[in-house]
Amino acid sequence: MTSMSYLPTDYHGLLRLLKKEQIEAQKTSEQLKKAKEELAMLRAPSRRPTPTNKNSEELKKMSGELKELTDNYKKLQHEFDDLNVKWIANTRMINQFQLSQEVPDTIPPPTGKVTWVFTDVQDSTPLWEISPQLMQTALNSHNKIMRDMIVAHRAYEIRTQGDSFVLAFYNPRDALTFCMAVQEILHKATW
């Protein structure tokens, strides 16, 4: 496993690190699946001998194998969970790295195959009716976050209406990265 103390400072280095962690997670996942299958096979009733003097040694041996496989399974599950935590942390670092890079204020509209994103604040109408002043403040914060993220993720703002945005991206990956990052930032924002 890659140590978290080594973190590349460039974007491509972070991507390579993330890919390496994904490969390790895949290998561990495959080992975990194999251990789970072996465990299930040993636990199957057809594999369990009836205890007699003749096969008590086989029963002890199978018991030892079962314990060993169970311990191995737990160890692999723990390693897999650690890799998932590292993958999430690395993904967040890549997003933060992307946000910290110099990005021009405006980009030309994408052409050709374009990925569209439509946003909307869910159930905002009743909130506007209850407290229009607070909602205006919240909308200003929402729009600032959205526009900062639009610039950081190279999106093109086509239209805004109320609390909705219509955006265009050059590719689906940028759109998905934007959606995930903006959700996280909006969730963490102080409202």
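What counts, and where the lines are drawn
Residues numbered from 1 in each chain as written. Predicted model: local features only at pLDDT ≥ 70, side-chain atom pairs only at ≥ 80, totals over all residues. Heavy atoms only, no water. Helix = DSSP H or I, 4+ residues; strand = E, 2+ residues; numbered from the N terminus. Buried < 20%, exposed > 50% of the residue type's maximum accessible area, 1.4 Å probe, protein only. pLDDT = per-residue confidence, 0-100. Contact = heavy atoms within 4.5 Å.

### Some thoughts on unusual backbone geometry
The phi torsion at Asp123 lies on the positive side, around 55°, for a residue other than glycine. For Asp123, the location among the structural elements is in the loop between strand 1 (115–119) and helix 3 (124–130). A positive phi angle, near 55°, is found at Arg154, a position not held by glycine. Tracing the backbone shows Arg154 in the loop between helix 4 (132–152) and strand 2 (156–161). Using a relative accessible area of 40% as the deciding quantity, one classes Arg154 as partly exposed.

### Here we look at the confidence of the model for the protein chain
Keep in mind that low pLDDT regions are not for reading the predicted coordinates in detail. Averaged over the protein chain, the pLDDT score is 76; the fraction of residues at 70 or greater is 69%. Across the protein chain, element-level confidence peaks in strand 1 with a mean pLDDT of 95 and bottoms out in helix 1 (residues 11–43) with 70. For the stretch residues 1–8, pLDDT sits under 50, and the model shows 20 contacts to residues farther than four places along the chain or on other chains.

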